[in-house]
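Chain residues, written in single-letter form:
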Amino acid sequence: MTPDPLTSSSLPVAAATAATEPPKPRPAASRLSRGFARVDWIVLPLLGAAFVVLLWYLSSATWAKELPNPTRTWEASKPYILEPFAKRGELDQGILRFTWLSLVLVAKGYAIALAIGTPLGFLLGLSAPFSKAFDPLIQVLRPVSPLAWLPLGMILFGSWKGANVSELAALFTIALCAMWPTVLNTAVGVRAIPQDYLNVARVLKLSRWKTLTRVMIPATLPYMFTGFRLSLGIAWLVIVAAEMLTGRPGVGGFLWQQYNALIYEQIILCILTIGLVGFVLDRLMSLVERRFKSA
Amino acid sequence: MNARDASMPLLELAGVSKRFGNLHVLHDVHLSVEEGEFVAIIGYSGSGKTTLVSILAGLLSPDAGEARFEGRPIAGPGPERGLVFQNYSLLPWLTVRENVALAVDSLHPDWPAAERAACVDRHVAMVNLSAARDRRPAELSGGMRQRVSVARTLAMDPRVLLLDEPFSALDALTRATLQDEIARIRREQRRTVVLITNDPDEALLLADRVIPLTRGPRATLGPSLPVTLPHPRDRRLLQESPEFRKLRREVIESLLSLGARPTTTVTRELVLPDLEPEDLSLPRTWTPRSGPRRRRERQSVAVSVEPDSN
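These numbers were taken from a predicted model, which means no experiment stands behind them.

**Observations regarding the overall build of chain A**
In step 1: Counting secondary structure elements, chain A contains 10 helices and zero strands.
In step 2: Every one of the 295 residues in chain A was classed for burial, and the buried ones make up 31%.
In step 3: Nonlocal contacts in chain A, meaning residues at least 24 apart in sequence, comprise 69% of its contacts between residues at least 6 apart.

Next up, the structure:
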């Protein structure tokens, strides 16, 4: 039998090049441009940040006299940054402690959002009557701001004996607001499963459960992860609002409390922290997403 | 479970019709496939070939008439009518081995793991893909993907192998290789095969019987042509064989005559616009004009103008 070219391994064998002569000196222009490329990535963002700080100085000196300038902000923020894990009082802790408290609450609310949102998305995608029944409701509830859900949460859980009402209300708000991207993306993903995959499952006479776990869920995973990532972003956004309204200790609570105490320096610190943590969470999520999408 | 009568065809379509909304795709289709036969159905694109094979597989049910397998009406799809899809339909997150294992595991859940793994390896080797066992479909060429699809379908141990234009998306060289594989597998395993194709040469190379499918809508199966060429058929020698050329001519003739579209004549009263042709004898100028120039369009008119004396 002649060897089949289609089945033989097609990995190219890299030819080993023997370095018999010293490497030629590279032309000066390309070395300079490579150096510039590296410098580009560091210098330009620094220049951008420096520009913003300059604007900040100017603003606090001219039209926003209440805003503390960068130097004062740094001075007042130092204890919070340099002792990030200190606890001097419930609402006077190091910045990383506050961040940790917020993250714990986000984790709980996010888990609830995913646990409810993913099956709901599947139901919406699989059943047309279910979708027709609940889709208008979802479209109406989606744009509602977390600040509107929170009082409702307080009312709902206010009658529960011995419950931490503010925590339950905050969880309720986070779950309800963060759910929608997961729900909608999962529904789209389920609807986008190619009919051919389902036909394969039918020809193999796979049970409904097996079709779900071995064909439908893997096929929907990329869409689900997009939804998860968007939901995480919204959950982090909501926690700040929820903390501000309920006065819980956390980054948002700290910010609001400092504002009410007329100590404005930490507000910028909180804003920066919120932004940085949100960015890190998004990056982590996209790493997880990439790992699953390649599978 | 009654024993099948030896004279009963394995797979049968009796007066089958199928519509999709207003589109009447198949009309009064009759087909009868005996066990061990290789039937090729050849037709134009868009004539309803995939609809036909979906009805044979049980994925669709006919609107009129009946589809029967072993004498009993087909209730739904199943591994006994193994379908090789036109688009391969491999699950992209599973490797070659896992794709074939999906079929083996669902068909033989009671077998021990080692036996199932051996069955998977056997079928992967049957299509000469053992070297690429652990690759995902994205890392395979089109021909290799189609082989995995064939291996998966064979792993179901079907009574009938249904091939829905399996090689139409491949280049001619790969197609030739895979046609030979199908011929070899069929020879070794004596399977019943129904092949849907648009290539008369492929049909004549592989099949015992060629049946043309007329052009849609309302497509139906034409008269079947038996292929009396001896096995094994070598594609290089076939080109010389006068028998082959005669059969090929017959197949193409029947396709063309069955494919003639019915024409209708419509008589209507039309009011034609007044047209005069553009006059090409007039010299052309470079300035863009808004319309064609007609012979009587330009006229020289002499006008006397009196100067203003004031």
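**Focus on the overall build of chain B**
In step 1: Along the backbone of chain B there are eight helices and 10 strands.
In step 2: Looking at the 310 residues of chain B, the share that counts as buried comes to 38%.

**Observations regarding helix H4 (residues 128-141) of chain A**
All names here are of chain A.
In step 1: The end-to-end C-alpha separation of H4 is 20 Å, in line with the 20 Å expected for 14 residues at 1.5 Å each.
In step 2: Remark: the principal bend of H4, roughly 40°, maps to phenylalanine 134, with a proline, proline 136, within the next four residues.
In step 3: Little of H4 is tucked away, with zero of its 14 residues classed as buried.

**Describing the packing of helix H3 (residues 95-126) of chain A against helix H9 (residues 251-260) of chain A**
Residues and elements named next belong to chain A.
In step 1: The geometry of H3 relative to H9 is characterised by a closest axis approach of 7 Å and an angle of 125° between their N-to-C directions. Compared by their axis directions, H3 and H9 come out oblique. Contacts between H3 and H9 involve Phe98, Thr99 and Ser102 from the former and Val251, Gly252 and Phe254 from the latter.
In step 2: For the contact of H3 with H9, the class distribution of residues is three nonpolar, three polar and no charged.

**Considerations on the sheet that holds strand S2 (residues 23-33) of chain B**
In step 1: Read across the sheet, four strands follow the order S2-S1-S4-S5 (chain B) without closing on themselves; strand pairing throughout is antiparallel. Because the sheet does not close on itself, it has two edges, and the strands there are S2 and strand S5 (72-73) of chain B.

**Let's talk about the sheet that holds strand S6 (residues 81-84) of chain B**
Residues and elements named next belong to chain B.
In step 1: In spatial order, the strands read S6-S7-S8-S3-S9-S10; together these six strands make up an open sheet with mixed pairing. Single-partner strands in this sheet number two, and they are S6 and strand S10 (225-226).
In step 2: Relative to strand S8 (residues 192-197), strand S3 (residues 38-43) runs parallel, the two being bridged by five bridges. From the neighbouring strand, alanine 40 faces S8, where its bridge partner is leucine 195.

**Here we look at the interface of chain B and chain A**
In step 1: Tallying the contact residues gives 23 residues for chain B and 18 residues for chain A.
In step 2: When contributions to the side of chain B that touches chain A are tallied by element, the ones reaching two or more residues are helix H2 (96-107) and helix H4 (142-155) of chain B.
In step 3: For the side of chain B that touches chain A, the class distribution of residues is 15 nonpolar, eight polar and no charged.

**With respect to the pairing of strand S1 (residues 11-20) of chain B**
Residues and elements named next belong to chain B.
In step 1: Here seven bridges tie S1 to S2, and the two strands are oriented antiparallel to one another. Each bridged residue has a counterpart across the sheet, and for leucine 13 the counterpart in S2 is leucine 31.
In step 2: Linking S1 back to S2 in an antiparallel pair, the connection comprises two residues, with glycine 21 at a positive phi of about 65°.
In step 3: Alignment of S1 against strand S4 (residues 64-69), held across five bridges, turns out to be antiparallel. Bridging across to S4, alanine 14 finds its partner in glutamate 66.

**A word on helix H6 (residues 165-191) of chain A**
Residues and elements named next belong to chain A.
In step 1: Over its 27 residues, H6 extends 39 Å from the first C-alpha to the last, a length consistent with the 39 Å expected when each residue adds 1.5 Å.
In step 2: At methionine 179, H6 shows its strongest bend, of approximately 35°, with the proline proline 181 following within four residues.
In step 3: Burial of H6 is extensive: 21 of the 27 residues sit out of reach of the surface.

**So, the nonpolar core**
In step 1: In this structure, Ile174(A), Ala235(A), Val100(B), Ala151(B), Leu162(B) and Ala207(B) are the most contacted members of the largest nonpolar core, which totals 133 residues.
In step 2: Tallying contributions element by element places helix H8 (residues 208-246) of chain A first for this core, with 16 residues.
In step 3: Apart from the residues lying within four places of it in its own chain, the contact partners of Ala151(B) are Val100(B), His123(B), Val124(B), Met126(B), Val127(B) and Leu129(B).

**Things to note about unusual backbone geometry**
In step 1: Even without being glycine, Leu262(A) reaches a positive phi, approximately 60°.
In step 2: Checked against the element boundaries, Leu262(A) lands in the loop between H9 and helix H10 (265-293).

**Quick notes on the confidence of the model for chain A**
In step 1: Mean pLDDT for chain A: 82, with 85% of residues reaching 70 or above.
In step 2: This stretch, residues 1-19 of chain A, has a pLDDT under 50; its non-local contacts, to residues over four places away or in other chains, come to 13 contacts.

**As for the packing of H2(B) against helix H3 (residues 113-126) of chain B**
Packed helices, taken two at a time, are described by the angle between their axes plus the distance between the axes.
All names here are of chain B.
In step 1: Running from amino to carboxyl end, H2 crosses H3 at an angle of 120°, the nearest separation of the two axes being 9 Å. On the basis of the axis angle, H2 is oblique to H3. Considering only the axes of H2 and H3, their crossing is right-handed. Counting all contacts with H2, which are made through Val96, Arg97, Val100, Ala101, Val104 and Asp105, the residues of H3 involved are Arg116, Cys119, Val120, His123 and Val124.
In step 2: Looking at side-chain class alone, the contact of H2 with H3 contains seven nonpolar, one polar and three charged residues.

**Here's the deal with the confidence of the model for chain B**
In step 1: Residues of chain B with pLDDT of at least 70 account for 83%, and the chain-wide mean is 83.
In step 2: Note on the complex model: pTM 0.73, ipTM 0.75.

**Things to note about the environment of Glu35(B)**
Residue and element names in this part refer to chain B.
In step 1: With respect to the element layout, glutamate 35 can be found in the loop between S2 and S3.
In step 2: Of the residues examined, glutamate 35 has 16 C-beta atoms within 10 Å and is grouped as partly exposed.
In step 3: When the C-alpha atoms of glutamate 35 and arginine 159 are compared, they prove to be 8.4 Å apart, with 124 residues separating the residues in sequence.
In step 4: The residues touching glutamate 35, leaving out its near neighbours within four places in the chain, are Leu10 and Thr192.

Thresholds applied
Residues numbered from 1 in each chain as written. Chains lettered and ligands numbered in written order. Predicted model: local features only at pLDDT ≥ 70, side-chain atom pairs only at ≥ 80, totals over all residues. Helix = DSSP H or I, 4+ residues; strand = E, 2+ residues; numbered from the N terminus. Buried ≥ 20, exposed ≤ 12 C-beta atoms within 10 Å, placed from the backbone. Contact = placed C-beta atoms within 7 Å. Expected span 1.5 Å × (residues − 1). Bend = angle between axes of the 7 residues up to and from the residue. Axes fitted to C-alpha atoms, helices over the stretch in contact; angles between N-to-C directions. Parallel < 35°, antiparallel > 145°, perpendicular 65-115°, else oblique. Nonpolar A, V, L, I, M, F, W, Y, C, P; charged D, E, K, R; others polar. Pairing = 2+ DSSP bridges. Core = buried A, V, L, I, M, F, W, Y, C linked by C-beta atoms within 7 Å. pLDDT = per-residue confidence, 0-100. Left-handed = near helix turned anticlockwise from the far one by under 90°.

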